[in-house]
2 protein chains.
Amino acid sequence: MADGQERDSRGGGKETAKGGSGLDFPRPLAMVDVVIFAIRADALQVLLVQRGAGAGEPFPHAFALPGGFVDVGKDRDLEACAMRKLREKTGVASPYLEQLGSWGSATRDPRGWSATHAYFALMPAGGASAPLAADAQWFAVQGEGVKPRLAFDHGEILKTAIQRLRNKVEYTSLPAYLLPAEFTLPELQRVYEIVLDRPLEKSAFRTRMLSADLIEPVAKMRRGPNRPAQLYRLKKAKAPVYFARTFNPPG
Amino acid sequence: MADGQERDSRGGGKETAKGGSGLDFPRPLAMVDVVIFAIRADALQVLLVQRGAGAGEPFPHAFALPGGFVDVGKDRDLEACAMRKLREKTGVASPYLEQLGSWGSATRDPRGWSATHAYFALMPAGGASAPLAADAQWFAVQGEGVKPRLAFDHGEILKTAIQRLRNKVEYTSLPAYLLPAEFTLPELQRVYEIVLDRPLEKSAFRTRMLSADLIEPVAKMRRGPNRPAQLYRLKKAKAPVYFARTFNPPG
DNA sequence: CTAAATAAGTTGGACTGTACAACTAAGTAT
DNA sequence: ATACTTAGTTGTACAGTCCAACTTATTTAG
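Thresholds applied
Residues numbered from 1 in each chain as written. Chains lettered and ligands numbered in written order. Predicted model: local features only at pLDDT ≥ 70, side-chain atom pairs only at ≥ 80, totals over all residues. Near = placed C-beta within 6 Å. Helix = DSSP H or I, 4+ residues; strand = E, 2+ residues; numbered from the N terminus. Nonpolar A, V, L, I, M, F, W, Y, C, P; charged D, E, K, R; others polar. Buried ≥ 20, exposed ≤ 12 C-beta atoms within 10 Å, placed from the backbone. Core = buried A, V, L, I, M, F, W, Y, C linked by C-beta atoms within 7 Å. Contact = placed C-beta atoms within 7 Å. Pairing = 2+ DSSP bridges. Axes fitted to C-alpha atoms, helices over the stretch in contact; angles between N-to-C directions. pLDDT = per-residue confidence, 0-100. Parallel < 35°, antiparallel > 145°, perpendicular 65-115°, else oblique. Left-handed = near helix turned anticlockwise from the far one by under 90°.

With that settled, the discussion passes to the protein's contact with DNA strand D. Neighbouring residues of DNA strand D: 24 residues in total, closest Pro 186, Ser 203, Asn 226 and Gln 230 of chain A together with Arg 227 of chain B. When contributions to the surface near DNA strand D are tallied by element, the ones reaching two or more residues are helix H3 (185-196), helix H4 (202-211) and strand S10 (229-234) of chain A together with helix H4 (202-211) of chain B. Element by element, the count of residues in the surface near DNA strand D is highest for H4 of chain B, at 4 residues. Looking at the surface near DNA strand D residue by residue, the class counts come to 8 nonpolar, 8 polar and 8 charged.

Written as structure tokens, this is what we have:
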């Protein structure tokens, strides 16, 4: 909780004030970072931004996750802050956004004790990628990371995000958020395969998806150089569905 | 992330300093709270502390999760801070500790914009409950919460922790951390049943546990008024195992 | 000493969903 | 028309759970 009593060591306190209310002790820096995933060029990609090189800027020119300080005047809450960062870098408003965790320590930022609240977002593919921020760039995920070494502990955060994504994909309908509103089952399967980095069985995949009651066919077909495929869309507001068998299968 | 440039609205800034380095803007309060679970009296219980009623203390006399401010002088990182809170309230050092998420907003604490990093911990049962802090008390979990209304947004945090625990119990070996080092399979099954609040099949449970390669028999039996039961222990450092069937079962 | 009671642990058939592989269907290209 | 390609289906084998009955090991009551 937050018992204002229990204070003690105050060490190196330059960044504080608010006298009298028992809150006159140094506070860590508070930030929010967002791991933004999308499927591009048949691969899983992450959006990174290149850091500037102003005075006192740590990790100049390095790539980092989009993010920044919590703005206590602007941001109602952490999620709103994450949404703001996302909007600033991608122009997009409301994809799938989920909290990933927080990282905080005395050493992760040379400017002082800092804690970041990390989120991960899924962007629909193909959607004309929209106007990216000038300093933002997509990078393909390779293994558990990305080619450039990242600023701060962002490499670790990214690794965690990738693991979380892969893990959830094993037993949820999450990948549907990486596709546009209408998609075919082979397209959806391909997204699963890209994220998991392994092939899946066609018939088991279809059975599972169709029996999960989370997608519904639309009265259209995707045409190509061969047999057309049925288009589907997510049933509304069906939050990520869990597939895994557990002890007492429902029903 | 953390681009020191991107600052703007400064609103209501009393709690700051560090002039010149571009960090002269108000910072949120940073806290850590811990949801501590244990099996007691054949039920799932949570440890809560009663808040004091000093000057400026929000939610006087209310129950809250154990926690408090991050101490930038004492705490190396967030997990160390959580461990410290845990030790202060229970005297115990190293049970299972996992991050739950973070909650931050302008309104959750009347003292100002604050963000808490929530953890959840599992304590071994039976272990002579140790010397609890004076203001700490165990409460049985009922449904998705606990009888007393909690301070701050701790009710919501607790609810999330309970859901997470139940969810993970469905497909991991987590409950083993709620038992002492040596336990019988019926005891383990009982813990699963308490957490999930539903009965499980004996034979399926045994098959699953024994084939998961995470426990091993010790050369002892638990004696009682009937047939003795084999004692088991967790195989060392076997982090929580996942049981769920997925697309391509390993093997 | 035997019988009843109780909980530990095993066994086997029914059911369910995936794995695998072969098959059919519906288009385009030549 | 025929080959090619991808969409989608079908059927058998297999694995793990569900369920219920069964066996085993011990204590307690006569």
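Additional details are given in the paragraphs that follow.
This part covers H4 of chain B. Note that an α-helix has 3.6 residues per turn; residues three or four places apart therefore point the same way. Among the 10 residues of H4 of chain B, 1 are classified as buried, and the element is accordingly described as predominantly exposed. After H4 of chain B finishes, the residue Asp 213 of chain B shows a positive phi value of roughly 60°.

A few words now on the protein's contact with DNA strand C. Taken together, 23 residues form the shell around DNA strand C, and within it Ala 204 and Arg 227 of chain A together with Pro 186, Ser 203 and Asn 226 of chain B come nearest. When residues of the surface near DNA strand C are traced back to their parent elements, those giving at least two are H4 of chain A together with helix H3 (185-196), H4 and strand S10 (229-234) of chain B. Ranked by residues supplied to the surface near DNA strand C, first place goes to H4 of chain A with 4 residues. Its residues placed into classes, the surface near DNA strand C shows 8 nonpolar, 8 polar and 7 charged.

With that settled, consider the nonpolar core. Counting residues in each nonpolar core, the largest one holds 120 residues, and the members touching the most others are Val 35, Ile 36 and Phe 37 of chain A together with Val 35, Ile 36 and Phe 37 of chain B. The contact partners of Ile 36 of chain A, leaving out residues within four places of it in the chain, are Val 46, Leu 47, Pro 66, Leu 86, Thr 90, Ala 121 and Met 123 of chain A.

Either a parallel or an antiparallel arrangement is found when strands of a sheet pair, and the pairing is made through backbone hydrogen bonds. Residues and elements named next belong to chain B. Ordered by their spatial adjacency, 3 strands build an open sheet running S8-S10-S9, and the pairing between neighbours is antiparallel. Two strands close off the open sheet at either side, each with one partner strand: strand S8 (182-184) and strand S9 (215-222). Taking each pair of neighbouring strands and ignoring which way they run, the sheet shows an average axis angle of 40°. Taken together, the 3 bridges between S8 and S10 define a ladder with antiparallel strand orientation. Directly across from Thr 184, in S10, lies its bridge partner Leu 231. Sheet strands touched by H3: S8 and S10. Its angle to S8, the strand with the most contacts, is close to 85°.

All right, on to the sheet that holds S10 of chain A then. Residue and element names in this part refer to chain A. Here we have 3 strands laid out as an open sheet, ordered S8-S10-S9, and antiparallel in their pairing. Two strands close off the open sheet at either side, each with one partner strand: strand S8 (182-184) and strand S9 (215-222). Sheet twist, expressed as the average angle between the axes of neighbouring strands with direction ignored, equals 40°. Relative to the sheet, H3 contacts S8 and S10, its axis offset from that of S8 by approximately 85°.

A positive phi angle, near 50°, is found at Ala 41 of chain A, a position not held by glycine. Following the sequence through the fold, Ala 41 of chain A ends up in the loop between strand S1 (29-40) and strand S2 (43-50).

With 83% of its residues at a pLDDT of at least 70, chain A reaches an overall mean of 85. Here residues 1-19 of chain A is modelled with pLDDT under 50, and outside its nearest four sequence neighbours on either side it reaches 64 contacts, counting other chains as well.

With that out of the way, let us pick up the packing of helix H2 (residues 154-171) of chain A against H3 of chain A. Residue and element names in this part refer to chain A. Two numbers describe how H2 lies on H3: the axes approach to 9 Å, and their chain directions differ by 140°. It follows from the interaxial angle that H2 and H3 lie oblique. Our pair here, H2 against H3, has a crossing hand that is left-handed. Across the interface between the two elements, Leu 165, Arg 166 and Val 169 of H2 pack against Tyr 192, Val 195 and Leu 196 of H3. Of the residues assigned to the contact of H2 with H3, the class counts are 5 nonpolar, no polar and 1 charged.

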